[in-house]
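Letter by letter, the chains look like this.
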Protein chains: 2
Amino acid sequence: MFKDLDPLLHSQLRLAVMSLLISTEEADFVFIREKTASTAGNLSVQIEKLHEAGYISVKKSFKGKMPRTTCRISPAGISAFEKYVEALSEYLQPK
Amino acid sequence: MFKDLDPLLHSQLRLAVMSLLISTEEADFVFIREKTASTAGNLSVQIEKLHEAGYISVKKSFKGKMPRTTCRISPAGISAFEKYVEALSEYLQPK
DNA sequence: AAATTTGGTTTATGTTATAAACTAGTTTAT
DNA sequence: ATAAACTAGTTTATAACATAAACCAAATTT
């Protein structure tokens, strides 16, 4: 009856990150931190989890002299997100 | 940008319980346990949390000689569920 | 009457989310 | 030039949460 919800996506912050990346394709750490209104520590941890899962890629570079972390959603991430949305909709639209 | 998700509802099992109760208005413990495919222990804990929050009412009675626990969604529960669905939809339909 | 099942609750444990503290370096003010 | 403050994060500690395992009381089955 109720499909399982991917625990990696069923987290407010990780879901917000994925939601952002789905529409922007690429976003850096600071942009995501601002849009999600999260702390850097929390965001760092959650980005690492999405990365480990293969849902996003993370690229480190420099913008001038300052470090920059850029995230991009992967095909696996897109598909996981779509699957999550479909599973969740069962819960939201009670038949 | 991203509204906060009610942490009481942002839990697979509690959300499934609420989803069931939204459509059935009243359901007993065993019915919910079967529909959600959860263990009795976990369900007991999560029902208690929804109860404490005032999202559901819990009535104890006997069906013949056997104990029965009946749950019903409250107006506060309905409104919290609706609010949750609305907040969540921001995450699911990336603009 | 012993064993099993029912309908739960309580408790213990592992997982998760989060904030606090820290690191490494840059920019700004003195 | 140096101290102070800021940027961009990471690591670590702690509190909250989800879940299963163990338990209980009573009913039913054998």
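This is a predicted model, so every value here is computed, not measured. (Residues numbered from 1 in each chain as written. Chains lettered and ligands numbered in written order. Predicted model: local features only at pLDDT ≥ 70, side-chain atom pairs only at ≥ 80, totals over all residues. Heavy atoms only, no water.)

(A) How the structure looks around the relation of the copies chain A and chain B. Laying chain A over chain B is done by rotating through 180° and shifting 0.0 Å along the axis; what remains is an RMSD of 0.1 Å. Interpreted geometrically, this transformation is the action of a two-fold axis. The C-alpha atom lying nearest the rotation axis in chain A is that of His10(A); the distance is 3.9 Å. An overlap of 100% is found between the interface residues of chain A and their copies at the interface of chain B, pointing to a shared contact surface. (Least-squares fit on C-alpha atoms with pLDDT ≥ 70 in both. Contact = heavy atoms within 4.5 Å.)

(B) Broad picture of the protein's contact with DNA strand D. The immediate surroundings of DNA strand D are formed by 21 residues, with Ser44(A), Lys60(A), Thr69(A), Ser11(B) and Arg14(B) found nearest. For DNA strand D, the fraction of protein-proximal atoms (within 4 Å) that sit in sugar or phosphate groups is 70%. With respect to DNA strand D, the side chain of Ser44(A) contributes an N or O atom lying 2.4 Å from a phosphate oxygen. Contact distances for DNA strand D include 2.4 Å between a phosphate oxygen and a side-chain N or O atom of Arg14(B). For the surface near DNA strand D, the elements supplying multiple residues, two or more each, are helix H2 (29–36), helix H3 (40–52) and strand E3 (66–73) of chain A together with helix H3 (40–52) of chain B. (Near = heavy atom within 4 Å. Polar contact = N/O pair within 3.5 Å; in protein donor to acceptor, adjacent residues only side chain to side chain. Helix = DSSP H or I, 4+ residues; strand = E, 2+ residues; numbered from the N terminus.)

(C) Molecular detail of the pairing of strand E3 (residues 66–73) of chain B. Residue and element names in this part refer to chain B. Here strand E1 (residues 26–28) pairs with E3 via three bridges, running antiparallel. Across the sheet, Asp-28 pairs through a bridge with Thr-70, a residue of E3. Both strand E2 (residues 56–63) and E3 contribute to a ladder of eight bridges, which runs antiparallel. By the bridge assignment, Lys-59 is partnered in E3 with Thr-70. Hairpin connection, E2 to E3: the antiparallel pair is bridged by two residues, and Gly-64 has positive phi, about 65°. (Pairing = 2+ DSSP bridges.)

(D) Expanded view of the sheet that holds E3(B). All names here are of chain B. Ordered in space as E1-E3-E2, the three strands form an open sheet in which the pairing is antiparallel. Either end of the sheet is taken by a strand with one partner, and the two such strands are E1 and E2. Mean inter-strand twist for the sheet, computed between neighbouring axes without regard to direction, equals 30°. The sheet contacts of helix H1 (residues 12–24) involve E1, E2 and E3, and relative to E3 the element is tilted by about 80°. Set on the sheet, H3 makes contact with E2 and E3; between it and E2 the angle comes to about 125°. (Axes fitted to C-alpha atoms, helices over the stretch in contact; angles between N-to-C directions.)

(E) Region of interest: the nonpolar core. By size, the foremost hydrophobic cluster in this structure holds 54 residues, and its most contacted members are Leu88(A) and Leu88(B). Those residues in contact with Leu88(A) that sit more than four places away from it in its chain are Leu5(A), Leu15(B), Leu88(B) and Leu92(B). (Core = buried A, V, L, I, M, F, W, Y, C linked by side-chain atoms within 4.5 Å. Buried < 20%, exposed > 50% of the residue type's maximum accessible area, 1.4 Å probe, protein only.)

(F) Layout of the protein's contact with DNA strand C. Surveying the vicinity of DNA strand C reveals 21 residues, the closest of which are Ser11(A), Arg14(A), Ser44(B), Lys60(B) and Thr69(B). The sugar-phosphate share of atoms of DNA strand C within 4 Å of the protein amounts to 73%. Between DNA strand C and the protein, one listed contact pairs a phosphate oxygen with a side-chain N or O atom of Ser11(A) at 3.5 Å. Contact between DNA strand C and Thr69(B): a phosphate oxygen at 2.2 Å from a side-chain N or O atom of the residue. Mapped by element, the contributors of at least two residues to the surface near DNA strand C are H3 of chain A together with helix H2 (29–36), H3 and E3 of chain B. Considering each element in turn, the surface near DNA strand C owes the most residues, five residues, to H3(A).

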